[in-house]
Amino acid sequence: HGFHRGRSAHQRLRQNGLPQSFFNSLVLPVQLFEKESCTYTYLLADKSTKEAVIIDPVLETLDRDVKLVKELGLSLKFAVNTHCHADHITSTGLMKKQVDGLKSAISKFSGAAADIKLSEGDEIKFGKFHLSVRETPGHTDGCITLVLCDQSMAFTGDALLIRGCGRTDFQQGSSTKLYQSVHEKILSLPKECLLYPAHDYLGQTVSTVGEELKFNPRLTKSLEEFEKIMANLNLDRPKKMDVAVPANLLCGVHGL
C-alpha cells in the first residue's frame, strides 16, 4: 500500500537509465514555511498519478497545507516527520482527521506514536517514485533523512542545515553520532544532490552536497574540532519544548 522495505523500486527506476530531467519534470516539490519556528514543510507529488507525501508539517499551518493539497488535486498518502521536534507541534495527527487514508510515519527510534515506524532502507512510495529512509541520528536518536529515488534531492531534517547542523545538547543528542551520520549518509550522496533542511533562520532555502562539503563551517572540521564547537554553542532552550515534545510523542494530538 505504498510503503515498502528494501530498494527494489529504486533499482527498477535506475535500470531504465532515466535522466534526472525525467524526475524533475514528473515530481512536484513544494517548499512551505512556518515563520514562528522557521520550519520548512515539503510537499512531494507524482504529477501523473497525483499521489503525494508531506514532510514535517506544522500545527499552525495545518489549514494552509490541507487547502493546498486539495487545490492541487493531490491524493496525500503519507505525512512523515524527520524526528520528534522540540520547537513546534506536528500537524500529522490532526491532518489525518481531515485527509482520508492518510498515514503518519516517523523513525522507530523516535519513541513517538505513528502508523508506520521507519527504519534504514525503508521506502515511502508516491506514484512511480519513492523516498528512501536513511537513519541520521545525532540531533536525536530518531532522526532520519529522506532521499528521492534518483538521489537528486534529500530532506535532511535537523541533521544537516544549510551551513550548519542541528544542536546536540538535549533529546539524546550526540555530536559524535551526528558527525558520523552526516558524513556517511548525507555528504556521501552525489555532489549535485539538492539538500532541503527542516529549518533555516537566515532566509536560505536549499543547498547541495558539494556546497556543504566546501562551506559548512562545522562539518568541514575534524571530529574533534566539531565536538568542541558543538559543546560551546550555548543556545537557548527551545521556547515550545515542554509542550512540543510530549505532543509530538502522540503524533501532535493530546490523548491520541
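Here we summarise the structure given alongside this text. Only a predicted model underlies this, so the values are computations on that prediction, with no experimental measurement involved. (Residues numbered from 1 in each chain as written. Predicted model: local features only at pLDDT ≥ 70, side-chain atom pairs only at ≥ 80, totals over all residues. Heavy atoms only, no water.)

1. Thoughts on the overall build of the protein chain
- Counting its regular elements, the protein chain contains eight helices and 15 strands.
- Across the 256 residues of the protein chain, 55% fall into the buried class.
- In the protein chain, once contacts between residues fewer than 6 apart in sequence are set aside, the share between residues at least 24 apart is 65%.
- Counting only carbon and sulfur atoms, one obtains 52% of the accessible surface of the protein chain, whose full area is about 11,300 Å². (Helix = DSSP H or I, 4+ residues; strand = E, 2+ residues; numbered from the N terminus. Buried < 20%, exposed > 50% of the residue type's maximum accessible area, 1.4 Å probe, protein only. Contact = heavy atoms within 4.5 Å. Areas by Shrake-Rupley, 256 points an atom, 1.4 Å probe, with all protein chains shown as cover.)

2. Focus on the packing of aromatic side chains
- Considering all chains together, one arrives at seven aromatic pairs under this definition.
- Ring centres 5.3 Å apart and planes at 55° place the aromatic pair F33 and Y40 in the tilted group.
- Through successive ring pairs, a cluster of aromatic residues spans F33, Y40, Y42, F155 and Y196. (Phe/Tyr/Trp six-rings, centres within 6.5 Å; stacked < 30°, edge-to-face > 60°.)

3. Some words on the nonpolar core
- Counting 23 residues, the largest nonpolar core has V80, I124, L131, L146 and F155 as its most contacted members.
- Elements that contribute at least two residues to this core include exactly β3 (39–46), β4 (51–55), β5 (75–80), β7 (116–118), β8 (123–126), β9 (129–135), β10 (144–148) and β11 (153–157).
- Beyond its immediate sequence surroundings of up to four residues, L131 is in contact with L44, V53, I55, D122, E123, I124, F126, L146, V147, L148 and F155.
- Ranked by size, the runner-up nonpolar core spans 17 residues in total, among them V147, A154, V182 and L189. (Core = buried A, V, L, I, M, F, W, Y, C linked by side-chain atoms within 4.5 Å.)

4. Some remarks on helix α8 (residues 241–249)
- Listed as buried for α8 are M241, A244, V245, A247 and N248.
- Remark: C251 follows α8 within two positions and exhibits a positive phi of approximately 65°.

5. What to know about the environment of A114
- Considering the arrangement of structural elements, one finds A114 in the loop between β6 (103–107) and β7.
- The exposure class assigned to A114 is partly exposed, which follows from its relative accessible area of 22%.
- Sequence-wise, A114 and S104 are ten residues apart; in three dimensions their C-alpha atoms are separated by 5.2 Å.
- Residues contacting A114, with those up to four places away along its chain left out, are S104, A105 and I106.

6. Examining unusual backbone geometry
- The backbone of D56 sits at a positive phi, close to 55°, despite the residue not being glycine.
- Along the chain, D56 falls in the loop between β4 and α3 (62–71).
- Unusually for a residue other than glycine, Q172 sits at a positive phi of about 60°.
- Relative to the assigned elements, Q172 resides in the loop between β13 (164–165) and α5 (175–186).

7. Focus: the side chain of T136
- As for its placement among the helices and strands, T136 is situated in the loop between β9 and β10.
- A distance of 3.2 Å separates the side chain of T136 from the side chain of T145, its partner in a polar contact.
- Setting aside residues no more than four positions away along its own chain, T136 makes contact with C143, I144, T145, A159, S181, K185 and I186. (Polar contact = N/O pair within 3.5 Å; in protein donor to acceptor, adjacent residues only side chain to side chain.)

8. Concerning the pairing of β3
- With eight of eight residues buried, β3 lies mostly within the body of the structure.
- With burial as the criterion, each face of β3 is covered, one bearing T39, T41, L43 and A45 and the other bearing Y40, Y42, L44 and D46.
- Where strand β2 (residues 27–34) meets β3, eight bridges bridge the pair, whose relative direction is antiparallel. For V30, the partnering residue across the bridge sits in β3 and is L43.
- Counted between consecutive antiparallel strands, the loop separating β2 from β3 contains four residues, among which C38 sits at a positive phi close to 55°.
- Note that β3 and β4 share four bridges and pair antiparallel. Across the sheet, the residue bridging to L43 is I54, located in β4.
- The loop that links β3 with its antiparallel partner β4 comprises four residues; one of these, K50, has a positive phi angle of about 70°. (Pairing = 2+ DSSP bridges.)

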